[in-house]
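Structural characterization, general
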Amino acid sequence: MAARGLYRAAAWPAVQTEAGNGPDARGLRVLRGWMQPLLWRERWKLLAVLALSLLAVAAGLAQPLLTKALIDEGVLARDAGAIVRSGAAMVALALAALGIGLACRRLHVLASMRILHGLKEALFAHLLALSPAFHAQARQGDLMARLEGDLGEVQRFAIDSMLTALNAVLTLVGTVLVLGLLNGELMLMLAVLVALNALLSALIRPRLEALSRRARQAGVEVSSFLVERLGAVKHIQAHVAEAREGEQLAALHAALRRESLRLQLLGQLGGGLPTLLVSLGVIGIFVAGSLAMLRGEAVTLGLLVAFASCVQRASAPVQTLTGLVLAWQRAKVAMERITDLTARQPDVAPRPGGAGLDGLRGEIELRDLRFTWPGSARPALEALSCRIPAGSRVLLRGPSGCGKSTLVDLLHRHFDPDQGRVLLDGTDLRTLDRDALRRRVAVVAQEAALFGGTLEANLRYGRPEATREAVERAAEAAGVTEFLPQLPQGLDSVVGPRGATLSGGQRQRVALARALLMNPAVLVIDEGTSALDEALELRTLRRIGALLPGCTRIVVSHRSTHEGEFDQVIELPGPAVEQRS
Ligand SMILES: Nc1ncnc2c1ncn2[C@@H]1O[C@H](COP(=O)(O)OP(=O)(O)OP(=O)(O)O)[C@@H](O)[C@H]1O
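Nothing here was measured: the structure is a model prediction, and the numbers come from that model.

Bringing the overall build of the chain into the picture now. Across its full length, the chain carries 17 helices and 10 strands. On C-alpha atoms alone, the chain measures out to a radius of gyration of 34 Å, which is more than a quarter above the 25 Å that the 2.2 N^0.38 rule sets for 581 residues. Burial statistics for the chain: of 581 residues in total, 46% are counted as buried. Long-range contacts, defined here as pairs at least 24 residues apart, represent 79% of the contacts in the chain between residues at least 6 apart. A total accessible area of about 28,400 Å² is found for the chain, and carbon and sulfur atoms account for 61% of it.

Further remarks concern helix α6 (residues 140-182). Given 3.6 residues per helical turn, the α-helix brings residues three or four places apart onto the same face. Its 43 residues place the ends of α6 59 Å apart at the C-alpha level, agreeing with the 63 Å of an ideal helix rising 1.5 Å per residue. Most pronounced at Arg 156, the bend in α6 amounts to some 40°.

In this model, Asp 368 sits at a positive phi of 50°, which is unusual for a non-glycine residue. Inspection of the secondary structure assignment puts Asp 368 in strand β1 (residues 364-371). Phi at Asn 519 takes a positive value of approximately 50°, unusual for a residue other than glycine. Under the relative-accessibility criterion, Asn 519 is labelled partly exposed at 44%.

On to the site of the ligand, then. Surrounding the ligand, one finds 13 residues, the nearest of these being Ser 400, Gly 401, Lys 404, Ser 405 and Thr 406. In this structure, an oxygen atom belonging to the ligand sits 2.9 Å away from a main-chain N or O atom of Ser 405. Residue Thr 406 places a side-chain N or O atom 2.5 Å away from an oxygen atom belonging to the ligand. Starting from 630 Å² of accessible surface for the ligand in isolation, the protein chains cover 63%. Top contributing element to the shell around the ligand by residue count: helix α11 (residues 404-411), with three residues.

The next point concerns the sheet that holds β1. The sheet built from four strands is open, its strands ordered β2-β1-β4-β5 with antiparallel pairing. Both edges of this open sheet fall to β2 (381-388) and β5 (427-428), since each of them pairs with a single strand only. Both β1 and strand β4 (residues 419-424) contribute to a ladder of five bridges, which runs antiparallel. Across the sheet, Ile 364 pairs through a bridge with Leu 424, a residue of β4. Across the sheet, α11 is in contact with β1, β2 and β4; its angle to β1 comes to roughly 115°.

Along a regular strand, successive side chains alternate from one face of the sheet to the other. By the bridge criterion, five bridges tie β1 to β2 in an arrangement that is antiparallel. Counted as the bridge partner of Leu 366 is Cys 386 from β2.

Following the criterion strictly, the structure yields zero disulfides and no others. Not engaged in a disulfide, the cysteine Cys 386 finds its nearest cysteine sulfur in Cys 402; these two sulfurs lie 12 Å apart.

Attention shifts here to the side chain of His 108. As for its position among the elements, His 108 is in helix α4 (residues 80-129). Leaving out residues up to four positions away in the same chain, His 108 has contacts with Val 49, Asp 160 and Leu 163.

An ideal rise of 1.5 Å per residue puts 74 Å on 50 residues; α4 measures up with 73 Å between its terminal C-alpha atoms. Two or three places before Gly 81, at the start of α4, stands the capping residue Asp 79, its side-chain oxygen 3.1 Å from that residue's backbone nitrogen.

Reports of interface size often rely on the accessible area that becomes lost once the parts have come together. On domain assignment, one finds that the chain holds domain 1 (23-342) and domain 2 (364-580). The gap between the C-alpha centroids of domain 1 and domain 2 is 53 Å. In this complex, domain 1 contributes four residues to the contact, which on the side of domain 2 involves four residues. A buried area of about 310 Å², summed over both sides, lies between domain 1 and domain 2, and 67% of it is on carbon and sulfur atoms. Our count for the contact surface shared by domain 1 and domain 2 stands at zero residue pairs in polar contact (both at pLDDT 80 or more). Along the lines of polarity and charge, the residues of the side of domain 1 that touches domain 2 split into two nonpolar, two polar and no charged.

Within the fold, Leu 381 resides in strand β2. Using a relative accessible area of 4% as the deciding quantity, one classes Leu 381 as buried. Each residue touching Leu 381, except ones within four places of it in the same chain, is listed here: Leu 369, Arg 370, Phe 371, Cys 402, Gly 403, Thr 406, Leu 407, Leu 410 and Leu 572.

Here the focus is the packing of aromatic side chains. Each aromatic ring pair is described using two quantities: the centre-to-centre distance and the angle formed by the ring planes. On inspection of all chains with the given rule, the structure shows five aromatic pairs. On the numbers, 5.3 Å between centres and 40° between planes, the contact of Phe 157 with Trp 328 is tilted. Pair noted here: Phe 157 is in helix α6 and Trp 328 is in helix α10 (residues 301-342), with a separation of 171 residues, a long-range link. Residues Phe 451 and Tyr 461 carry aromatic rings whose centres are separated by 5.0 Å and whose planes lie at 45° to one another, so their mutual orientation is tilted. Residue Phe 451 is found in the loop between β6 (441-444) and α13 (455-459), and its partner Tyr 461 is found in the loop between α13 and α14 (468-478); the two are separated by 10 residues along the sequence. For Phe 451, a relative accessible area of 41% translates into the label partly exposed. Here Tyr 461 falls in the exposed class, since its relative accessible area comes to 52%. Lying across the ring of Trp 40, Arg 43 places its NZ or CZ 3.9 Å from the centre.

Further remarks concern the nonpolar core. Core analysis: the largest hydrophobic core is formed by 37 residues, its most contacted members being Leu 455, Val 480, Leu 502, Val 510, Leu 516 and Leu 523. For this core, the secondary structure elements donating two or more residues are β6, α13, α14, α15 (480-483), α16 (504-517), β7 (522-526) and α17 (534-547). In terms of residue count, the dominant contributor to this core is α16 (seven residues). With sequence-adjacent residues up to four places away left out, Val 480 is seen in contact with Leu 455, Ala 475, Arg 509, Val 510 and Ala 513. Val 408, Leu 432, Leu 437 and Val 556 belong to the second largest nonpolar core, which has 32 residues in total.

Definitions and cut-offs
- Residues numbered from 1 in each chain as written.
- Predicted model: local features only at pLDDT ≥ 70, side-chain atom pairs only at ≥ 80, totals over all residues.
- Heavy atoms only, no water.
- Helix = DSSP H or I, 4+ residues; strand = E, 2+ residues; numbered from the N terminus.
- Rg over C-alpha atoms; globule rule 2.2 N^0.38 Å.
- Buried < 20%, exposed > 50% of the residue type's maximum accessible area, 1.4 Å probe, protein only.
- Contact = heavy atoms within 4.5 Å.
- Areas by Shrake-Rupley, 256 points an atom, 1.4 Å probe, with all protein chains shown as cover.
- Expected span 1.5 Å × (residues − 1).
- Bend = angle between axes of the 7 residues up to and from the residue.
- Near = heavy atom within 4 Å.
- Polar contact = N/O pair within 3.5 Å; in protein donor to acceptor, adjacent residues only side chain to side chain.
- Pairing = 2+ DSSP bridges.
- Axes fitted to C-alpha atoms, helices over the stretch in contact; angles between N-to-C directions.
- Disulfide = S-S within 2.5 Å.
- Domains from an automatic or database assignment.
- Buried area = accessible area lost by both parts, 1.4 Å probe.
- Nonpolar A, V, L, I, M, F, W, Y, C, P; charged D, E, K, R; others polar.
- Phe/Tyr/Trp six-rings, centres within 6.5 Å; stacked < 30°, edge-to-face > 60°.
- Lys NZ or Arg CZ within 6 Å of the ring centre and 35° of its normal.
- Core = buried A, V, L, I, M, F, W, Y, C linked by side-chain atoms within 4.5 Å.

What follows is the structure, encoded as structure tokens:
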């Protein structure tokens, strides 16, 4: 159990999931903003589903009336013609109901999936806009669960459950009307059943909500665990931790089973009691009706059978509506988890159409810069000032954790400084179009992020429209060409998920070539050549210089072997900045 505690300690601080304060108001507004155009786009399909549902309800309601006619006017009156006519009408209605059901289902599934996919695409785009600080804390399994499970829950409730509920209400109202036509007094029994059901639901609801939330969280713990551990199989093997990981999963599963069982049992109780009430109702109708027949009151056998059939018909919508209570509790928890995401905003404003970057020279100036990571007690960078002339080559170094990568994040505008300014050609980064900035300032990180696909597709990631010649030039400069003969199909070779079939140094060279292909005015290599041997690193630095002679190059490195290759060394020892030219 201690290990499980360790796992939980790393959890992403969800805003409201545990607290259960209800969906975030701001997040709800964002979600509504996504939902409305999707609903509007599907309006005709949804209206057709509604109309077909009405038809299906009407077809269903006619059945008990035909049953009554069959018994009273056919069987009891010994009229064979009436029996055949009623039977034929019942078959025709059943066939019509099947056809209507199929048409309705088709439209419903189409509209429903398009809305769900639209929502998922919007949430995916939203997640891509959130800052790396958020993603550094978010657990991938949790995000996946929100994208795959919670969003579906919200959509199912908003669209599917609403349509089902409408259908159930229409059936119930129609049944009550038909019952009223048949016998007003017996109808009261159904009204009592419905009222009792409503009372039961109200009693169970709060408990269901709490259990729903706990079961969801237990499920998220399992998926987060799996995503994290499956991404680190080699390390688990290296530490001979397979058995321990298995035990952790078993412990998480036990917790999930416990919570799910409680939820299912309460849900079953909530769903089973209406069935019991309906059975009691049918028995009551037969007993009361039979006694009335014995007393010689105007109650026929056909009426009793039609009535019992009506009550049974009413049981389905009553159960559906009770089930909706359970669905609502699940949807509410899912909504909290989704709005917890949609309420979050990117850390920097993108400023599309901000100051342009035509003719960028690549001069960088840092003025009294300070930056503190959210939740951190002390600044990662403080009182940092320096100037990097356009086209110069700079080595940025300093002890581990002194803020080098933080500075690179500020240059790429993943964050804005708390104080001070970052100027590019004399213009504050905050006033520039963020996307244009990222096209002209390329960053190569130590961890090369490749995607499954061909090597060429990976090279073109930042500039898909580049010519083949440009791709080859960038590949040559970054040293990719050197290892191409080792690959089965050269640039067309598939590199596996996350570039797993390449070595660490090969992946870094691909990432470097990708950055060179963007033809940047500023190139930042944040330990992006750390996996290359020193001779290859030197060759690569020189080839980059030949390919992009006017480009400002900032290399973050712990090595000092190639110091002579740089015009300037910037040391980041801590708050004070030392500059040497
Ligand atoms: N996402 C983050 N959230 C909170 N704090 C962070 C985050 N990333 C870095 N830090 C903190 O900021 C400080 C500077 O980290 P940074 O990664 O910039 O150092 P660095 O000089 O690049 O280190 P290294 O040479 O080891 O790569 C560290 O104290 C680190 O703990």
